[in-house]
Amino acid sequence: MRVGAQSPAAYLRTPEPRQVDWHQLEYYAFIHFGHNTFTNEEWGRSQSTPDVFNPTNLDTDQWAEEFSKAGFKGMILTAKHHDGMALWNTTTTAYKIENSVWAANRTAQRLETDVVRLAAASAKKYGLRFGVYLSPWDMHRDPAMPKPHLVGTIYDEPQIFGDSNPGDYNEFYSQQLTELVTMKHHDGSQIDLFEIWLDGASGSSTRQTFAWTMFRDIIRKHQPGALMWGHQGVDARWVGNEEGYSLETNWHTINSTQDDARLSEDALMLGVRDGLYWTPAESDARIRDGWFWHSDEHPKSGEALMEMYLETVGRSVTLLLDVPPNTQGLIEKEDIESLRRFRDLRESFLEQALLHPETNVTASSIRGNNEGLYGPEKVLDGNPTTYWTMDDGQLTGWVEIDLGRVCSIEGFVTQEHIALGQRIGGYSFDALVDGGFKTVVNGTSLGYKRIDTLSSGLKTSRIRFRVTQSNAVPLVQSIQVLGGMC
Ligand code: FUL
């Protein structure tokens, strides 16, 4: 059979369908909400009863509406942070907000008291995907964290956290996880989760070995579409910092699992080329200084968020941006203003698309000369299942774009067809300037999506995208040129 009639074979590791789906979300919100919101802490030590939780005007619809307007594709809520307080109506512990005066008042008014369910319903209403954070480290059950204020109350519960303590913390955590992954909306339909955060942080001397495989099996059984997040991931990895940036080179694969030794922060940012596991990076970052809301903190500007976006999403890393509700249970006006400014900046940048399906494009070669299947116009069709490619063994090549007129260029957005593996390790953009092609961008890894911006005003009518290094025949899914003033 001629090579042109065959589609390219997958290259080494490829993403699971749930991961392809997740890459496409690009950025979504993190919501840290719970006791710490009311005690002005980041790592509250599980000292207060549920009554501390008392939002005066809780409105999860406001969260979801604002996130959706800002262009977020999902939201992840802290169902349980390190302090052990459950935001949902769990049967596993008395330490839950359902036991608060706030919940009693809501029940008297026939209002929902389960904040996870409320948030999931709001996410659905505004077309957002929903996820939960369930802290493995649980101070409430950890004997190394004394809780003198709870002694003698119903919240003085067995200290089962730790390998050498009586009781089975893994069993307890599994039950909590099972409750969350089987939770239903009021109409009886399942609450679909797109991501579950099993945070790796701990500030305790207690040694607890976690049953990650058991947790993974619970997630897979009930929520096969959900990503399981851990420091070295199973489905996604930590990017190695919490500042909202990544290195310019970023591989979607790594060589370790959550059970192996922890990787350095740089190694997490970088990943490993041709690694054993498809475990792409996610950047968890904050709009304010803290994860939880504090009255004396303020949000970053829309400009700073735009920079974050370019240094995460623009480097093939998903962005999980924390926007914490206040003690009223609302997202602050100033945070909303920053989010809107971010949206406007992002939209006005991306709206300057100069290429459309009819733009004149040519390529150095086409797989099997089969233009209909693999021609360069496939980078313009907006279809995530099509791409430009060449014959097997051809590792470098180019696509040339004729803009038809001289335009001012501000940037490029490029995507590799990752469903068949990450292959490209070097690419360039050249522009026709003064009768010759001049290189204006030199990149390394490509991956799900790259956004390259140009700082100095470039005017040109012809652009050439070149693959300069690839470990297998490159598959280029899309190319867009941003600019104007043509
Ligand atoms: C960390 C936690 O310790 C922080 O409190 C926060 O939840 C952050 C997202 O993850 O590991």
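Residues numbered from 1 in each chain as written. Predicted model: local features only at pLDDT ≥ 70, side-chain atom pairs only at ≥ 80, totals over all residues. Heavy atoms only, no water.

You'll find the protein chain entered in an unreviewed UniProt entry as alpha-L-fucosidase, with Stachybotrys elegans given as the organism.

Peer 1: Please explain the overall build of the protein chain as it appears in this structure.
Peer 2: Along its length, the protein chain carries eleven helices and 16 strands. The globule rule puts the C-alpha radius of gyration for 486 residues at 23 Å, and the 25 Å found for the protein chain is close to it. Referenced to the eigenvectors of the C-alpha coordinate spread, the extents of the protein chain come out at roughly 80 × 45 × 40 Å. Of all 486 residues assigned to the protein chain, the portion counted as buried reaches 58%. Contacts in the protein chain between residues far apart in sequence, at least 24 positions, make up 77% of those at least 6 positions apart. (Helix = DSSP H or I, 4+ residues; strand = E, 2+ residues; numbered from the N terminus. Rg over C-alpha atoms; globule rule 2.2 N^0.38 Å. Buried < 20%, exposed > 50% of the residue type's maximum accessible area, 1.4 Å probe, protein only. Contact = heavy atoms within 4.5 Å.)

Peer 1: What is the right way to look at the site of the ligand in this model?
Peer 2: Every residue near the ligand is listed here: Phe30, His32, Trp43, His81, His82, Tyr133, Trp197, Asp199, Ala201, Glu242, Asp284 and Trp291. Between the ligand and His82, the relevant distance is 2.8 Å, taken from an oxygen atom to a side-chain nitrogen or oxygen of the residue. Protein chains bury 93% of the 300 Å² of accessible surface belonging to the ligand in isolation. In terms of residue class, the shell around the ligand is made up of six nonpolar, three polar and three charged. (Near = heavy atom within 4 Å. Polar contact = N/O pair within 3.5 Å; in protein donor to acceptor, adjacent residues only side chain to side chain. Areas by Shrake-Rupley, 256 points an atom, 1.4 Å probe, with all protein chains shown as cover. Nonpolar A, V, L, I, M, F, W, Y, C, P; charged D, E, K, R; others polar.)

Peer 1: Is there a simple way to explain the UniProt feature "domain: F5/8 type C" (unreviewed entry) in the protein chain in this structure?
Peer 2: Under the present numbering, the feature "domain: F5/8 type C" (unreviewed entry) in UniProt falls on residues 342-484. Overall, residues 342-484 shows 9% helix and 50% strand. The separation of its end C-alpha atoms is 21 Å. (UniProt positions renumbered as here; feature names shortened; annotations may be inferred.)

Peer 1: Where do I start with the nonpolar core in this structure?
Peer 2: Note on soluble globular proteins: their nonpolar side chains tend to be buried together. Counting 77 residues, the largest nonpolar core has Trp63, Phe67, Met75, Leu77, Val115, Val116 and Phe130 as its most contacted members. One finds Leu355, Phe429, Leu454 and Val473 within the second-largest nonpolar core, a separate group that totals 33 residues. (Core = buried A, V, L, I, M, F, W, Y, C linked by side-chain atoms within 4.5 Å.)

Peer 1: Looking at this structure, how should I read the state of the cysteines?
Peer 2: By definition, a disulfide links the sulfur atoms of two cysteine residues through a covalent bond. A full pass over the atoms with the stated rule returns one disulfide. One disulfide bridge connects Cys407 with Cys486, the sulfur atoms lying 2.0 Å from each other. The disulfide joining Cys407 to Cys486 has a torsion of about 115 degrees about its S-S bond and is therefore right-handed. On the criterion of sequence distance, the pair formed by Cys407 in strand β12 (residues 397-416) and Cys486 in the segment after β16 (476-484) is long-range, its members being 79 residues apart. Overall, the relative accessible area of 47% leaves Cys486 in the partly exposed class. (Disulfide = S-S within 2.5 Å.)

Peer 1: Is there a simple way to think about helix α10 (residues 333-350) in this case?
Peer 2: Spacing of three or four residues puts side chains on the same side of an α-helix, whose turn is 3.6 residues. Taking 1.5 Å of rise per residue, 18 residues should cover 26 Å, and α10 covers 26 Å from first to last C-alpha, within 8% of that figure. Those residues of α10 that fall on the buried side of the exposure criterion are Asp335, Ile336, Ser338, Leu339, Phe342, Arg343, Leu345, Arg346 and Phe349. (Expected span 1.5 Å × (residues − 1).)

Peer 1: Quick question: what am I supposed to make of the packing of aromatic side chains here?
Peer 2: By convention here, two paired aromatic rings are described through the distance between centres and the angle between planes. Overall, the coordinates contain 31 aromatic pairs when judged by the stated rule. With a centroid separation of 5.2 Å and an interplanar angle of 80 degrees, the aromatic rings of Phe53 and Trp102 are classed as edge-to-face. Here the residue Phe53 occupies a position in the loop between α2 (35-39) and α3 (60-69), and Trp102 occupies one in helix α4 (residues 101-108), the gap between them amounting to 49 residues. For Phe53, a relative accessible area of 0% translates into the label buried. Here Trp102 falls in the buried class, since its relative accessible area comes to 6%. Pairwise contacts between aromatic rings join Phe161, Tyr169, Phe172, Tyr173, Phe210, Trp212 and Phe215 into one cluster. Here the guanidinium or amino end of Arg367 rests over the ring plane of Tyr374, the centre of that ring lying 5.8 Å away. The ring centre of Phe437 lies 4.1 Å from the NZ or CZ of Arg464, which sits over that ring. (Phe/Tyr/Trp six-rings, centres within 6.5 Å; stacked < 30°, edge-to-face > 60°. Lys NZ or Arg CZ within 6 Å of the ring centre and 35° of its normal.)

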